[in-house]
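Architecture at a glance
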Amino acid sequence: MTDNKPDIPRWTLTRYLIEQRRRFPGASGDLNALLLDIALACKAIARIVARGALAEGGPAAGDTNVQGEEQKPLDVLSNQLFLRMNEWSGHLAGLASEEMELPQPIPEAYPRGKYLLVFDPLDGSSNIDVNVAVGSIFSILRAPAELIAGEHELCEADFLQPGAAQVAAGYAIYGPATMLVLTVGEGTVGFTLDPELGEFLLTHPALRVPEQTREFAINSSNSRFWEPPVKRYVDECLAGKVGARGKDFNMRWIASMVAEAHRILMRGGVFLYPRDSKDVSKPGRLRLLYEANPIALLMEQAGGRASTGRQPMLGVVPSSLHQRIPLVFGSRDEVERIERYHHEPAPDVAPAPLFAPRSLFRD
Ligand SMILES: O=P(O)(O)OC[C@H]1O[C@](O)(COP(=O)(O)O)[C@@H](O)[C@@H]1O
Ligand SMILES: [Mg+2]
Ligand SMILES: [Mg+2]
């Protein structure tokens with residue numbers, strides 16, 4: 001079965017989740033209910049984003065988040081929608097967001113559940129004013145047993161689980177169409193919002209990232225700060241047919257990671273936001289728990305790969321809630337090549353000869 005062919009069952013998100021649950025006869029249905037609440041938050045955000053400059057009622061801008069970045073009114077509003085749609089549900093033991101310094105416990109009045117939700121309520125929000133696709137990214141983890149048992153209060157350490165521990169992950173993209181792209185550990189699937197029905201309908205039942213590509217995405221204004229393996233990789237792509245790769249490459253940079261991830265899931269490619277020396281206090285631009293990990297799981301479940309450049313992303317043990325990390329993802333062959341470049345010496349750095357001729361004019 002291929003995407004967008006008439007043999008795709010026109011399942012709603014609800015129906016898809018019911019079918020998935022059949023795989024686990026003992027399942028409580030909590031995960032499904034949580035995913036539907038998240039989808040509802042995304043629909044609410046989609047409506048506001050679609051109104052653009054006509055949207056009303058957003059809180060005043062001007063604040064900064066824990067990352068020291070300017071919060072747009074829609075960042076704040078999207079965060080509130082995620083909280084409002086999810087904290088009462090009884091399926092969560094806590095939430096954490098890009099826009100909140102500390103994890104948010106479930107209010108006393110509401111029941112506690114067994115999952116943790118981590119999210120970036122609006123990714124690529126610097127693109128809102130220019131009407132480019134933005135999105136919401138989420139990751140679902142199991143709450144530690146002691147937290148569920150009430151043996152301790154919700155704390156940062158509860159969230160510090162490697163990406164491989166994610167139960168589900170996904171994003172909504174607010175573009176010309178709104179889509180929800182999801183994995184519950186059984187492949188990566190895409191739903192398109194039917195605005196008349198208000199339903200996410202399954203349109204991409206088996207997303208696969210092609211193993212090879214001729215398209216890369218990187219913010220090349222940072223090139224002077226890159227490490228040698230990344231410089232080497234990009235130089236080889238730029239050299240095209242006559243270079244080491246023997247083929248021409250195309251380049252894209254939307255500056256909205258959800259949109260880049262979506263393009264790569266649809267037609268392949270590789271994305272890099274590598275470690276650089278621009279600001280030594282930041283080992284990468286993107287955040288591990290609510291940007292890199294969910295995208296990594298979606299990629300891996302679609303046959304792609306995600307990495308720090310040095311190790312698989314899903315194996316990284318987080319050290320803090322808002323930890324930043326170098327991120328490379330997309331077509332498997334390209335990500336593996338970039339990893340290889342990080343592990344092998346650069347080809348032009350020949351070992352210093354024991355008896356090199358000495359000269360004042362040597363460069
Ligand atoms: O402006 P830069 O350095 O190109 O960074 C762009 C990156 O920053 C992000 O916008 C960060 O996400 P937020 O908008 O949620 O902070 C990514 O979506 C994107 O890949
Ligand atoms: Mg983001
Ligand atoms: Mg954001």
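Note that the structure is a prediction, hence the values are computed from the model and not measured.

Along the protein, the regular secondary structure elements total eight helices and 14 strands. Taken over C-alpha atoms, the radius of gyration comes to 22 Å for the protein, in line with the 21 Å a tight globule of 363 residues would show. C-alpha extents for the protein along the principal axes are approximately 80 × 50 × 45 Å. When each of the 363 residues of the protein is scored for burial, the buried share is 45%.

The positions UniProt marks with the feature "domain: Fructose-1-6-bisphosphatase class 1 C-terminal" (unreviewed entry) are residues 209–342. As a span, residues 209–342 carries 36% helix and 16% strand, and end to end its C-alpha atoms are 23 Å apart.

A word on the domain arrangement of the protein. Split into domains, the protein comes out as domain 1 (13–204) and domain 2 (215–343). On a C-alpha basis, the centroid separation for the pair domain 1 and domain 2 is 24 Å. Taken together, the contact pairs 35 residues of domain 1 with 31 residues of domain 2. Of all elements in the fold, only strand E2 (115–123), strand E3 (134–142), strand E4 (168–174) and strand E5 (178–183) reach the threshold of two or more residues within the side of domain 1 that touches domain 2. It is E3 that provides the largest number of residues to the side of domain 1 that touches domain 2, a total of five residues. Taken together, the residues of the side of domain 1 that touches domain 2 break down into 18 nonpolar, 13 polar and four charged.

Moving on to the pairing of strand E1 (residues 92–97). Both faces of the sheet carry side chains from a regular strand, because those side chains alternate between them. Taken across its six residues, E1 has six buried, putting it largely inside the fold. Pairing analysis gives five bridges linking E1 to E2, with the strands arranged parallel. By the bridge assignment for E2, Gly-94 is matched with Leu-116.

Ordered in space as E1-E2-E3-E4-E5-E6-E7, the seven strands form an open sheet in which the pairing is mixed. Each edge of the open sheet is held by one strand with a lone partner, namely E1 and strand E7 (199–204). Mean inter-strand twist for the sheet, computed between neighbouring axes without regard to direction, equals 20°. Here five bridges tie strand E6 (residues 189–194) to E7, and the two strands are oriented antiparallel to one another. Directly across from Leu-193, in E7, lies its bridge partner Phe-200.

Turning our eyes to something else, we now look at the nonpolar core. Tyr-115, Leu-180 and Ile-295 are the most contacted members of the largest nonpolar core, which totals 99 residues. For this core, the element with the most residues is helix H2 (residues 30–50), which contributes 11 residues. Structurally, this core is a two-domain feature, drawing no fewer than three residues from each of domain 1 (13–204) and domain 2 (215–343).

All right, on to the sheet that holds strand E14 (residues 327–330) then. Reading across from one edge, E9-E8-E10-E14-E12 is the order of the five strands in this open sheet, with mixed pairing throughout. Edge positions in the open sheet fall to strand E9 (250–252) and strand E12 (305–307), since each of these has one partner strand only. Averaged over neighbouring strand pairs, the angle between their axes works out to 15° when direction is ignored. With three bridges joining them, strand E8 (residues 215–217) and E9 adopt parallel strand pairing.

Turning to helix H3 (residues 73–86), a few remarks are in order. Over its 14 residues, H3 extends 20 Å from the first C-alpha to the last, a length consistent with the 20 Å expected when each residue adds 1.5 Å. Among all positions of H3, only Leu-74, Asp-75, Leu-77, Ser-78, Asn-79, Leu-81, Phe-82, Leu-83 and Asn-86 are buried. In this fold, the buried residues of H3 make contact with H2, E1, E2 and E3.

What follows covers the site of ligand 1. In the vicinity of ligand 1, 13 residues are found, and the nearest of them are Asp-123, Gly-124, Asn-219, Ala-255 and Met-257. A breakdown of the residues in the shell around ligand 1 according to their chemical character gives three nonpolar, five polar and five charged.

This next bit is on the environment of Pro-229. Along the polypeptide, Pro-229 turns up in helix H5 (residues 228–239). Accessibility expressed as a C-beta count within 10 Å gives 22 for Pro-229, which makes it buried. When the C-alpha atoms of Pro-229 and Arg-337 are compared, they prove to be 9.9 Å apart, with 108 residues separating the residues in sequence. Discounting residues that sit within four places of it in the chain, Pro-229 has contacts with Gly-309, Ile-338, Tyr-341 and His-342.

So, on to the UniProt feature "binding site: substrate" (unreviewed entry) in the protein. Taking the numbering used here, the UniProt-annotated feature "binding site: substrate" (unreviewed entry) corresponds to Asp-123, Gly-124, Ser-125, Ser-126 and Asn-219. The residue Gly-124 is located in the loop between E2 and E3 in this model. Not counting residues within four places of it along the chain, the set of residues in contact with Gly-124 comprises Val-134, Gly-135, Ala-255, Ser-256, Met-257, Val-258 and Ala-259. On the basis of neighbour count, Ser-125 is assigned to the buried category, with 23 C-beta atoms found within 10 Å. In contact with Ser-125, not counting residues within four places along its chain, are Lys-72, Leu-74, Asp-75 and Val-134.

Next up on the list: the confidence of the model for the protein. Low pLDDT marks regions whose predicted coordinates should not be analysed in detail. Chain-level statistics for the protein give a pLDDT mean of 91 and a share of 91% at 70 or above. In the predicted structure, residues 349–353 sits below a pLDDT of 50 and forms zero contacts with residues beyond four places in sequence or in another chain. The low-confidence segment residues 355–363, where pLDDT is below 50, has zero contacts with residues more than four positions distant or belonging to other chains. Among the scores for the predicted complex, ipTM is 0.93 and pTM is 0.91.

About the criteria used
- Residues numbered from 1 in each chain as written.
- Chains lettered and ligands numbered in written order.
- Predicted model: local features only at pLDDT ≥ 70, side-chain atom pairs only at ≥ 80, totals over all residues.
- Helix = DSSP H or I, 4+ residues; strand = E, 2+ residues; numbered from the N terminus.
- Rg over C-alpha atoms; globule rule 2.2 N^0.38 Å.
- Buried ≥ 20, exposed ≤ 12 C-beta atoms within 10 Å, placed from the backbone.
- UniProt positions renumbered as here; feature names shortened; annotations may be inferred.
- Domains from an automatic or database assignment.
- Contact = placed C-beta atoms within 7 Å.
- Nonpolar A, V, L, I, M, F, W, Y, C, P; charged D, E, K, R; others polar.
- Pairing = 2+ DSSP bridges.
- Axes fitted to C-alpha atoms, helices over the stretch in contact; angles between N-to-C directions.
- Core = buried A, V, L, I, M, F, W, Y, C linked by C-beta atoms within 7 Å.
- Expected span 1.5 Å × (residues − 1).
- Near = placed C-beta within 6 Å.
- pLDDT = per-residue confidence, 0-100.

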